[in-house]
Amino acid sequence: AQSVTQLDSQVPVFEEAPVELRCNYSSSVSVYLFWYVQYPNQGLQLLLKYLSGSTLVKGINGFEAEFNKSQTSFHLRKPSVHISDTAEYFCAVSVRNNQGGKLIFGQGTELSVKP
Amino acid sequence: GAGVSQSPSNKVTEKGKDVELRCDPISGHTALYWYRQSLGQGLEFLIYFQGNSAPDKSGLPSDRFSAERTGGSVSTLTIQRTQQEDSAVYLCASSLGLGGHNEQFFGPGTRLTVL
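Residues numbered from 1 in each chain as written. Chains lettered and ligands numbered in written order. Predicted model: local features only at pLDDT ≥ 70, side-chain atom pairs only at ≥ 80, totals over all residues. Heavy atoms only, no water.

> Is there a simple way to explain the overall build of chain A in this structure?
Along chain A, the regular secondary structure elements total zero helices and twelve strands. When the helices and strands of chain A are listed from N to C terminus, the series reads β-β-β-β-β-β-β-β-β-β-β-β. The C-alpha radius of gyration computed for chain A amounts to 14 Å, which stays within 12% of the reference 13 Å derived for 115 residues, consistent with globular compactness. Along the first, second and third principal axes, the C-alpha atoms of chain A reach 45 × 30 × 20 Å. A fraction of 58% describes how many contacts in chain A between residues 6 or more apart in sequence connect residues 24 or more apart. (Helix = DSSP H or I, 4+ residues; strand = E, 2+ residues; numbered from the N terminus. Rg over C-alpha atoms; globule rule 2.2 N^0.38 Å. Contact = heavy atoms within 4.5 Å.)

> Explanation requested: the sheet that holds strand β7 (residues 65-69) of chain B in the structure shown.
Residue and element names in this part refer to chain B. Taking strand neighbours across the sheet as the criterion, the four strands line up as β1-β3-β8-β7 in an open arrangement whose pairing is antiparallel. Edge strands, defined here as strands with exactly one partner in the open sheet, are β1 (5-7) and β7. For this sheet the average axis-to-axis angle between neighbouring strands, irrespective of direction, equals 15°. Examined bridge by bridge, β7 and strand β8 (residues 75-79) share five bridges and lie antiparallel to one another. (Pairing = 2+ DSSP bridges. Axes fitted to C-alpha atoms, helices over the stretch in contact; angles between N-to-C directions.)

> Looking at this model, I keep getting lost on the pattern of salt bridges. Mind explaining?
Side chains that carry opposite charge are capable of pairing whenever their charged atoms lie near each other. Under the defined criterion, the tally for this structure stands at nine salt bridges over all chains. Between Lys-58 of chain A and Glu-64 of chain A there is a salt bridge; the shortest N-O distance is 2.9 Å. We note a salt bridge from Asp-56 of chain B to Lys-102 of chain A, for which the minimum N-O separation is 3.6 Å. With one member in each of two chains, Asp-56 of chain B in strand β6 (residues 53-56) and Lys-102 of chain A in the loop between β10 (87-95) and β11 (104-105) form a pair that bridges those chains. A cluster of three or more residues bridged by salt bridges with shared partners is formed by Glu-20, Glu-66 and Arg-77 of chain A. (Salt bridge = Lys/Arg side-chain N within 4 Å of Asp/Glu carboxyl O.)

> What is the right way to read the environment of Leu-96 of chain B from this model?
All names here are of chain B. Within the secondary structure, Leu-96 sits in the loop between β9 (88-95) and β10 (105-106). Given the relative accessible area of 59%, Leu-96 is considered exposed. Leu-96 sits 31 residues away from Phe-65 along the chain, and the two C-alpha atoms are 25 Å apart. (Buried < 20%, exposed > 50% of the residue type's maximum accessible area, 1.4 Å probe, protein only.)

> What exactly am I supposed to notice about the interface of chain B and chain A here?
One frequently used descriptor of interface size is the decrease in accessible area upon assembly of the parts. Facing 20 residues of chain B, the contacting portion of chain A comprises 19 residues. Summing the contributions of chain B and of chain A, the shared interface buries around 1600 Å²; its carbon and sulfur component is 54%. Broken down residue by residue, the surface that chain B buries against chain A is led by Leu-43, Gly-100 and Phe-106 of chain B, which jointly contribute 32%. On the surface where chain B and chain A come into contact, there are one salt bridge. Mapped onto the side of chain B that touches chain A, the elements with two or more residues apiece are β4 (31-38) and β5 (42-50) of chain B. Residue contributions to the side of chain B that touches chain A peak at four residues, all from β5 of chain B. Across the side of chain B that touches chain A, the residue classes break down as nine nonpolar, nine polar and two charged. (Buried area = accessible area lost by both parts, 1.4 Å probe. Nonpolar A, V, L, I, M, F, W, Y, C, P; charged D, E, K, R; others polar.)

Printed below as a string of structure tokens:
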């Protein structure tokens, strides 16, 4: 079975500061990795994904994440956040080579950007 | 183009009543997924469809939950004899095909409240 742990439930940060949202996963088989964002009262939107290749993945809105296989981590970073980045962020995995592709999510990290 | 739509956006029902939640996927998307987002359990997979068939129903929490998809398009999630613990946001997602490498596009969700 797979599991995802997001180490911080809430991350407050000031505008223009850097931020890192941490994600660790557990799986006995290879997985794909994802970060989704959920703005208030909206559905989930894909920020970025790691399927293969370069372990540093760039996504929308200036976010990036690095896949670290040895540490089973996929931390999300942004060098300078904006007020508009305030949202909940979810890390997720799906099993590689599994036909279904269902997503297994972490518990979410609420990012609060303050002026 | 149009994204994934869900109806109703909000549903309040009394304990013991049946409810139906509807999902209209993006046109041409053959895979459709249902997830549930609740305070206690986070984001959980419920079921997915490839065309009209549901190869993986492993996430359905009880036999009170069922889902169908017709014409390879619209899907309905039915909850019979609703309980208070069914209160949650039910999210639908669709993708071009199965497999974790295909991006899942999420709808805005249906917020279900069971009194």
